[in-house]
Amino acid sequence: MAVPTLRKKKRYVRLRFECTCNISENEAQAELYGALLSFLGELGFSRANPKFVEFNSGSKSGILKCSNTEIQNVKAALALVSRVKGENGCIRILKVSGSVSKLMD
Amino acid sequence: MPEYYDLGVRFWEDGLEKYANSLGFKSICSFSKEGNGMEIRAQKLEDLKLGTTGKIILLSSQNPELLKKACRRDVDMLLFERFLPDVGLVRVAAENKKPFEIPVSVLLERKGAERALLMSRISFFLKICNKYRADFILTSGATNKFFMKSPPELVAIGEALGLSHDQAVKSISIIPEYILER
């Protein structure tokens, strides 16, 4: 584990899939990573350092962790999603926070 | 905290305003029959004969000369669909205080290289707008609910297009408010 001064700051993004189809955790992760990779590219993806933290397939909502400095690019990448599993849909960003506990309710 | 407006919705359904409020918008403008806006797609000079409708008028065209002429008429917003860096058009729009609409839906409808090239064009167009102090409004341009974006999402897309945070916020709050109050 990196010493505190070298550790990069992170942000947690609470998001929800808005689509007519059901979506599993693996599919949600693939959609998210695909959207980020296509918008940011490989270099931008590595800088954003996204990690899929959790997903509730019932409410279609989940939490994504990413770098603090790249949060605006991550938000833009998710906002530009227009299709989910090949159907019309989008990813809504509900809240952004520095601690995961604030997004857990 | 600023109040946000989406002046570029292209559809209408029951409960749309409530849905927009839940996203964080104070008000929206819908360019549909039931809405409070009217979009005119101008192809020739005769299309610029505008009546008084009491609605917000958006003039969209691919022809910069038509848009220049429209700047001197009773038009509230302009949409240059090609987003080419026409300095003459931007200067005339700035002199007449006519803002350009930048609908995000044009990006949503495209993928890959096509989207990237359009982003580059829009980004350069916005740079010229900033240089000549022409106003612009970021809108969703939504044709369905999934295409509607919340204010933070529009700001994030604006920043991805090269705007500063303040410029992006202004383009969805102060400038649309001014249009609605006219």
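As the structure is a prediction and not an experimental result, all values here were calculated from the model.

Trainee: Please explain the overall build of chain A as it appears in this structure.
Mentor: Along chain A, the regular secondary structure elements total 2 helices and 5 strands. For chain A, the α and β elements follow one another from N to C terminus as β-α-β-β-α-β-β. In terms of overall size, chain A behaves like a compact globule, its C-alpha atoms giving a radius of gyration of 14 Å where 105 residues would be expected to give roughly 13 Å. The principal-axis extents of the C-alpha atoms in chain A amount to approximately 45 × 30 × 20 Å. The buried share among the 105 residues of chain A stands at 34%. Here the analysis covers contacts within chain A between residues at least 6 apart in sequence; of these, 69% occur between residues at least 24 apart.

Trainee: I'm lost on the confidence of the model for chain B in this one. Help?
Mentor: Predicted confidence across chain B gives a mean pLDDT of 92, with 98% of residues reaching 70 or more. Here the predicted complex carries an ipTM of 0.91, next to a pTM of 0.93.

Trainee: I'm lost on the nonpolar core in this one. Help?
Mentor: Counting residues in each nonpolar core, the largest one holds 81 residues, and the members touching the most others are Leu36, Ala77 and Leu80 of chain A together with Leu78, Phe100 and Ile157 of chain B. The element contributing the most residues to this core is helix H1 (residues 25-48) of chain A, with 8 residues. With residues near it in sequence (within four places) discarded, Phe100 of chain B still touches Leu78, Leu79, Phe80, Ala93, Cys129, Ala134 and Phe136 of chain B.

Trainee: Help me understand the packing of H1 of chain A against helix H2 (residues 71-79) of chain A, please; the structure alone is not making it clear to me.
Mentor: How two helices pack is summed up by the angle between their axes together with the distance between the axes. Residues and elements named next belong to chain A. Close contact between H1 and H2 brings their axes to 9 Å; oriented N to C, the two are set at 160°. Relative to H2, H1 is oriented roughly antiparallel. Relative to H2, H1 is oriented so that their crossing is left-handed. Contact residues: Ala35, Leu36, Phe39, Leu40, Gly44 and Ala48 in H1; Asn73, Val74, Ala76, Ala77 and Leu78 in H2. Of the residues contributing to the contact of H1 with H2, the split by class is 9 nonpolar, 2 polar and no charged.

Trainee: It is not clear to me how unusual backbone geometry should be interpreted in this structure. Could you clarify?
Mentor: Positive phi outside glycine occurs at Lys85 of chain A, with the angle close to 55°. Of note, Lys85 of chain A is situated in the loop between strand E4 (83-84) and strand E5 (87-97). Lys85 of chain A sits in the partly exposed class, given 16 other C-beta atoms within 10 Å. One non-glycine residue, Phe83 of chain B, lies in positive phi territory at about 50°. For Phe83 of chain B, the position within the fold is in the loop between strand E5 (77-80) and helix H3 (87-95). Residue Phe83 of chain B is classed as partly exposed on the basis of its C-beta count, with 19 C-beta atoms lying within 10 Å.

Trainee: Sorry, what's going on with helix H5 (residues 112-131) of chain B here?
Mentor: Given 3.6 residues to a turn, an α-helix orients residues that are three or four positions apart in the same direction. Residue and element names in this part refer to chain B. Compared with the 28 Å implied by 1.5 Å per residue over 20 residues, the 29 Å span of H5 between its first and last C-alpha is a close match. Within H5 the residues assigned to the buried category are Met119, Ile122, Phe125, Leu126 and Cys129. Buried residues of H5, seen end-on, are gathered within an arc of 130° and therefore sit on one face of the element. Away from its buried face, by an angle of more than 90 degrees, H5 presents the exposed residues Ala113, Leu117 and Lys131. Where H5 is buried, its residues touch H3, strand E6 (100-103), helix H4 (105-108) and strand E7 (136-139).

Trainee: Explain the pairing of E7 of chain B to me, please; I cannot follow it from the model alone.
Mentor: Side-chain direction in a regular strand flips from residue to residue, so the side chains alternate between the two faces of the sheet. Residue and element names in this part refer to chain B. Here E7 shows two buried faces, one formed by Phe136 and Leu138 and the other by Ile137 and Thr139. Where E6 and E7 come together, 4 bridges link them in parallel fashion. Across the sheet, the residue bridging to Glu101 is Ile137, located in E7.

Trainee: Could you clarify how one ought to interpret the environment of Tyr132 of chain B in this entry?
Mentor: All names here are of chain B. One can find Tyr132 in the loop between H5 and E7. For Tyr132 and Val92, which are 40 residues apart along the polypeptide, the C-alpha to C-alpha distance reads 9.5 Å. In contact with Tyr132, not counting residues within four places along its chain, are Val90, Arg91 and Ala94.

Trainee: Help me out: how do you make sense of the sheet that holds E5 of chain A in this one?
Mentor: Paired through backbone hydrogen bonds, the strands of a sheet run either parallel or antiparallel to each other. All names here are of chain A. Spatial ordering of the open sheet is given by E2-E3-E1-E5-E4, a layout of 5 strands whose pairing is antiparallel. Both edges of this open sheet fall to strand E2 (51-56) and E4, since each of them pairs with a single strand only. The pairing of strand E1 (residues 10-19) with E5 spans 8 bridges and is antiparallel. Paired with Val13 across the strands is Val96, a residue of E5. Against the sheet, H1 makes contact with E1, E2, strand E3 (61-67) and E4, and its axis sits at roughly 15° relative to E3, the strand it touches most.

Conventions we followed
- Residues numbered from 1 in each chain as written.
- Chains lettered and ligands numbered in written order.
- Predicted model: local features only at pLDDT ≥ 70, side-chain atom pairs only at ≥ 80, totals over all residues.
- Helix = DSSP H or I, 4+ residues; strand = E, 2+ residues; numbered from the N terminus.
- Rg over C-alpha atoms; globule rule 2.2 N^0.38 Å.
- Buried ≥ 20, exposed ≤ 12 C-beta atoms within 10 Å, placed from the backbone.
- Contact = placed C-beta atoms within 7 Å.
- pLDDT = per-residue confidence, 0-100.
- Core = buried A, V, L, I, M, F, W, Y, C linked by C-beta atoms within 7 Å.
- Axes fitted to C-alpha atoms, helices over the stretch in contact; angles between N-to-C directions.
- Parallel < 35°, antiparallel > 145°, perpendicular 65-115°, else oblique.
- Left-handed = near helix turned anticlockwise from the far one by under 90°.
- Nonpolar A, V, L, I, M, F, W, Y, C, P; charged D, E, K, R; others polar.
- Expected span 1.5 Å × (residues − 1).
- Arc of directions from axis to C-beta.
- Pairing = 2+ DSSP bridges.

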